[in-house]
Amino acid sequence: MISSLLERKIEKRPDKVRLQGRILFLTEDPELIKRQLAGEDLPWDTKNPSNNPKLRDDISTDEITPAHYCFYFDQTLGEIPYAGLKTGGVLPIGRGDVKRGGFVCSVSGKRRGKGSSREQSPYAEMSAGIKLVIAENIERIYKQNCQNLGVLTSTNFSLVDKIRAGEEIALSEFTFGEDEITRQVIEYGGLFPFNVARMQKKVFLPPIKTAGEGARTTRPMTLAEKIFARHMLNENGEMGVAAVKPGDTGFARADLRFSHEYVTPMAAIFFEHYVGKDAKVNDPSTILFFRDHLTFLDEVISEEKKKLGLLDLATQLKLKQEDFAQRQGIKLHGELKDRKGSEGICHSIVLESYALPGQLNIGSDSHTPHVGAVGCVAFGIGTTDVFNSWITKDVRVRVPESVKIVIRGKKHPNVTAKDFILKILSLDYVRSGKALAKVMEYAGEAIEELSVDERATMTNMAAEIGGFTGIVAPDEKVIEFLIERRGMDRKKAEALIDGLYSDEGVQYAQVIELDAAEITPMVATPGDPGNGKYIRDLNTPVPVEIAYGGTCTAGKNEDMDMYAGVLANALRQGKRIADSVKFYIQFGSQETRDYCIRKGYIDIFKNAGAHVIEPSCGACINAGPGVSTRPDQIVISAQNRNFPGRSGPGQMYLASPLTVAASAVAGYIVEYEPSEERQPVGAR
């Protein structure tokens, strides 16, 4: 494999580019979008932005490429960019519209590409002819996926005039302000050609000299920086440097690399095409595959989508992953043999069985930070990063800044980690995009009191913040977790967490302090996880038809404790799930299912009227029981995202497991009140 790449001819892009084509402005007004698709070029005043129509903010990758279209893993994706983009309550962009329109540039507002790490989104744009994305700010994974594929990105709106004038644009316009490695990735037209040039020693890898020459002491470092320092490659290609600081760039050696059936097949095709069908991956023992997203798809996919062949395509994803795993000798956590379902969701299994304090883990999913709950740095990557990591065993990294989020005091009994994270997501600092691509380090007495399962909810939803990752300093709770869940020797567990804390005097980009006593149960209202509201501030009661408890965020052991506690309390009072509500409870893993059997929870769930589902991602990605089927249907879910259309056409409220279960019993959104003598508190 290496010898063939060493002989590959690799050239840089020209140092000037001319983008010949039209510009698509993704506005809030759907009629303006339709007019552009019909052939009209929208006037745009780059000197007086206030004269322009409002651009859509918060365009998620779910809207660029809805989940069911991600079953395609070839240039067919070029027919469907923005197929899920909702503006003015409608979907103005149809299949093939962008490609037919001759667009070369796509323009939008704040937080472009938020949400899932799916590289199908920029790949769909690229395949439709889009060569440049312009937005006010751009989410980290989406931007990196664009760079890896060779799609240019910018926050400079003056480029609109240059494109329309047919002028050449210096490539330096797109590399300005980028680190040395990212600059070269852009110059070579993508990550794979850059990596080949790297193997051929044609590129410049800046040495990390943060510690200084002959320094006896290093700068104070955050927990994440310490882990990065242990994993960054030095000038000799060996793992470990004395110290790092935000902005340092290089390649970090991964302890674990994983992907699931949404990404593995596309990565495998890239690998076979660019490297060779008979080529072998680097160290398959540290690679994991998961069949966890689509095992229940056949139960909810529409007849229309079946006629389009999408169910058959989804089956091909599974088969391609199985074949590649078998040929490469890679461990696949797959479907169950004796019943429907999977071994578990990738994040659940990685936390239960693999991740260790101090590790650096990468995965093909934006919720990879889940395992930061045990004190490791874990982050999501795209398809191109995945297949390149199979070659090099490392990943491109620019050391991020850290934000410290301190939650002091003692939480209320009916408040959970989910309420904490919904509160954080509602803060202006997060909603404005200031937390993008930063490490979220959670601390304070209220965080220290949380179990590892609950901490995982906090680190998991660093993805919704748009953060690089989330992490909690490992402590006695992590030691107990490793002893109880892994059977690890105490001395080994204690040794693993040694030194894993942030130093005194360390510099943070921001410190956010919250008082746990001031946080009461919350929901995120439909449309975005950042739409956080206290339940008691809802103006009117909100009746629900569907309640869903599951996913990587809320399918863990302690989440099951919460569902069971609420439902057992209801049964003691002679109550069951409301007749108007269907409540689905889905395990995150077989280990969690076994835990529920041991605790007697499944009888409680069924006696209360809940529908129990085997492990899978399911409804969260519109691929299992619990999805909505009508736009007016109201859903309350313990999952992590409620972007438009992500889990069906309905109106989804996000909430904690306690709130979801209590609302399923009440029939409308309520706070759970633990006392048997008092009723749940509704909207007032």
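Above this note sits the structure.
What you are looking at is a predicted structure, and each value in this text was computed from that prediction instead of being measured.

(A) Region of interest: helix α16 (residues 383-392). Counting buried positions along α16 gives 10 out of 10 residues, so the element sits mostly inside the fold. Listing the buried residues of α16 in full gives T383, T384, D385, V386, F387, N388, S389, W390, I391 and T392. Two residues or fewer after α16 comes K393, characterised by a positive phi angle close to 70 degrees.

(B) Spatial organisation of the sheet that holds strand β14 (residues 402-408). Spatially, β16-β15-β14-β17 is the arrangement adopted by the four strands of the open sheet, whose pairing is parallel. Of all the strands in the sheet, the pair left with one neighbour each is β16 (469-472) and β17 (510-515). Between one strand axis and the next, the sheet turns by 20 degrees as a mean value, whatever way the strands run. Bridge count between β14 and strand β15 (residues 439-443): five bridges; the pairing is parallel.

(C) Focus on the pattern of salt bridges. The final tally for this structure, using the stated rule, is 52 salt bridges. Put simply, E136 and K110 hold a salt bridge, and the shortest N to O gap is 3.4 Å. In this pair, E136 sits in the loop between β4 (132-134) and α6 (140-149) while K110 sits in the loop between β3 (103-107) and α5 (120-127), placing the two residues 26 residues apart along the sequence. Residue E136 is classed as partly exposed on the basis of its relative accessible area, which comes to 39%. In this structure, a network of salt bridges that share partners links the residues E272, K277, K320, D323 and R327.

(D) Inspection of the packing of aromatic side chains at higher detail. The full count for this structure, using the stated rule, is 20 aromatic pairs. Between the aromatic rings of F194 and F251, the centroid separation amounts to 6.0 Å while the plane-to-plane angle is 10 degrees, which identifies the pairing as stacked. Pair noted here: F194 is in helix α10 (residues 191-199) and F251 is in strand β7 (residues 249-253), with a separation of 57 residues, a long-range link. Accessibility classification places F194 together with F251 in one group, the buried group. Ring geometry for Y595 versus Y601: centroids 6.0 Å apart, planes at 80 degrees, classification edge-to-face. Accessibility classification places Y595 together with Y601 in one group, the buried group. Following the ring pairs from residue to residue traces out a cluster consisting of Y123, F192, F270, Y274 and F387. Just above the ring of F251 sits the side chain of R198; from NZ or CZ to the centre is 3.6 Å.

(E) Inspection of the packing of helix α9 (residues 180-188) against α10 at higher detail. Between α9 and α10, the shortest axis-to-axis distance is 7 Å and the interhelical angle comes to 110 degrees. One way to sum up the angle between α9 and α10 is to call them roughly perpendicular. Across the interface between the two elements, I181, Q184, V185 and Y188 of α9 pack against L191, P193, F194 and A197 of α10. Considering only residue class, the contact of α9 with α10 consists of seven nonpolar, one polar and no charged.

(F) Region of interest: the sheet that holds strand β19 (residues 532-534). Read across the sheet, seven strands follow the order β19-β18-β24-β23-β20-β21-β22 without closing on themselves; strand pairing throughout is mixed. Among the strands making up the open sheet, the edge pair consists of β19 and β22 (611-613). Each adjacent strand pair in this sheet contributes to an overall mean axis angle of 25 degrees, direction not counted. The strands that helix α17 (residues 417-425) touches are β18 (522-524), β19, β23 (634-637) and β24 (651-655); relative to β18, the one it contacts most, it runs at about 55 degrees.

(G) How the structure looks around α17. Within α17, nine of the nine residues are buried, which leaves the element mostly enclosed by the surrounding structure. Of the positions making up α17, those classed as buried are A417, K418, D419, F420, I421, L422, K423, I424 and L425. For α17, the N-terminal cap is T416; the gap from its side-chain oxygen to the backbone nitrogen of K418 is 3.1 Å.

(H) Examining the side chain of N460 more closely. Note on placement: N460 falls in helix α20 (residues 452-460). Judged by its relative accessible area of 0%, N460 falls in the buried class. In terms of polar contacts, N460 uses its side chain to reach the side chain of T553, at 3.1 Å. When sequence neighbours within four positions are dropped, the list of residues in contact with N460 reads H367, P369, H370, C552, T553 and N640.

(I) Representation of the nonpolar core. The biggest cluster of nonpolar side chains holds 80 residues, and the ones touching the most others in it are F228, F379 and W390. When near neighbours in sequence (up to four residues on either side) are disregarded, F228 contacts V244, L360, V377, F379, V397, V399, P400 and F468. If you look at the next biggest cluster of nonpolar residues, it comprises 43 residues, including V523, L538, M560 and A610.

Procedures and definitions
Residues numbered from 1 in each chain as written. Predicted model: local features only at pLDDT ≥ 70, side-chain atom pairs only at ≥ 80, totals over all residues. Heavy atoms only, no water. Buried < 20%, exposed > 50% of the residue type's maximum accessible area, 1.4 Å probe, protein only. Helix = DSSP H or I, 4+ residues; strand = E, 2+ residues; numbered from the N terminus. Pairing = 2+ DSSP bridges. Axes fitted to C-alpha atoms, helices over the stretch in contact; angles between N-to-C directions. Salt bridge = Lys/Arg side-chain N within 4 Å of Asp/Glu carboxyl O. Phe/Tyr/Trp six-rings, centres within 6.5 Å; stacked < 30°, edge-to-face > 60°. Lys NZ or Arg CZ within 6 Å of the ring centre and 35° of its normal. Parallel < 35°, antiparallel > 145°, perpendicular 65-115°, else oblique. Contact = heavy atoms within 4.5 Å. Nonpolar A, V, L, I, M, F, W, Y, C, P; charged D, E, K, R; others polar. Polar contact = N/O pair within 3.5 Å; in protein donor to acceptor, adjacent residues only side chain to side chain. Core = buried A, V, L, I, M, F, W, Y, C linked by side-chain atoms within 4.5 Å.

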